Amino acid sequence: GIALPPALAVRPREEGGVWSVDGHRRHKQIGRAIEAGAPIKDAKSGKYLISIRQFVGNDIERVFRLATSNKNKRHNPLQFAGICKRLRVGFNLTVDQIIEGLHCSRASVENALLLAGANNDVHQAVRSGSIAATEAIKVVRKNGEQAGAVIDKAVVVGKAAGKTKAPATQSGPE
């Protein structure tokens, strides 16, 4: 038979219905399949049956679940940084608690928190692809508040040399 996707994880809404905790992309794809006329109706009832299960956990556990359930589509560095910041600042978790909940390395969490705390110009440079997140983190670590200006200069030097991103060797003064 056909392998069914994993059940969507949901939690009840006070006003009725459910909130999706895990499976947002699967739910969207199911909707697209229905719109396209895919034969996914139940033969007896004629209804679309989507497998769901109730998520049991608190608000912190929901963030951990959201962050760790994307096996096939990883978060980009800014998204991961936002998740770490939310856990650190919003929920007042320690770095060790975040590491344990996200099942990742100390360096990953510390770098993400550094990127999350960087100024908007650094975020814009990473988002636009002008600099790789790993290079941006090095620049922020080295130059703090001036990181955006350093990145801007590195991008100009890189473009003059025919590069599409700020070169690693131009990440900032030694």
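Refer to the structure above for everything that follows.
The shown structure was predicted, so the numbers you read here are calculated from the model rather than taken from an experiment.

### Comments concerning the overall build of the protein
Then comes step 1: Broken down by element type, the protein carries eight helices and three strands.
Then comes step 2: Secondary structure elements in the protein, listed N-terminal to C-terminal, are β-β-α-β-α-α-α-α-α-α-α.
Then comes step 3: Taking 2.2 N^0.38 as the reference for a compact globule, 174 residues should give roughly 16 Å; the C-alpha atoms of the protein span a radius of gyration of 21 Å, well beyond that estimate.
Then comes step 4: Its C-alpha atoms put the protein at 70 × 40 × 30 Å along the principal axes.
Then comes step 5: Taking all 174 residues of the protein together, 32% fall into the buried category.
Then comes step 6: Counted over contacts in the protein with a minimum sequence separation of 6, partners at least 24 positions apart contribute 49%.
Then comes step 7: Here the protein displays about 11500 Å² of accessible surface, and carbon together with sulfur accounts for 53% of that area.
Then comes step 8: Across the protein, 27 positive and 15 negative side-chain charges occur, with their mean positions spaced 7 Å apart.

About the criteria used
- Residues numbered from 1 in each chain as written.
- Predicted model: local features only at pLDDT ≥ 70, side-chain atom pairs only at ≥ 80, totals over all residues.
- Heavy atoms only, no water.
- Helix = DSSP H or I, 4+ residues; strand = E, 2+ residues; numbered from the N terminus.
- Rg over C-alpha atoms; globule rule 2.2 N^0.38 Å.
- Buried < 20%, exposed > 50% of the residue type's maximum accessible area, 1.4 Å probe, protein only.
- Contact = heavy atoms within 4.5 Å.
- Areas by Shrake-Rupley, 256 points an atom, 1.4 Å probe, with all protein chains shown as cover.
- Lys, Arg positive; Asp, Glu negative; His and termini not counted.
- Charge placed at Lys NZ, Arg CZ, Asp CG, Glu CD.

Remember that the coordinates give geometry; whether it matters functionally is a separate question.
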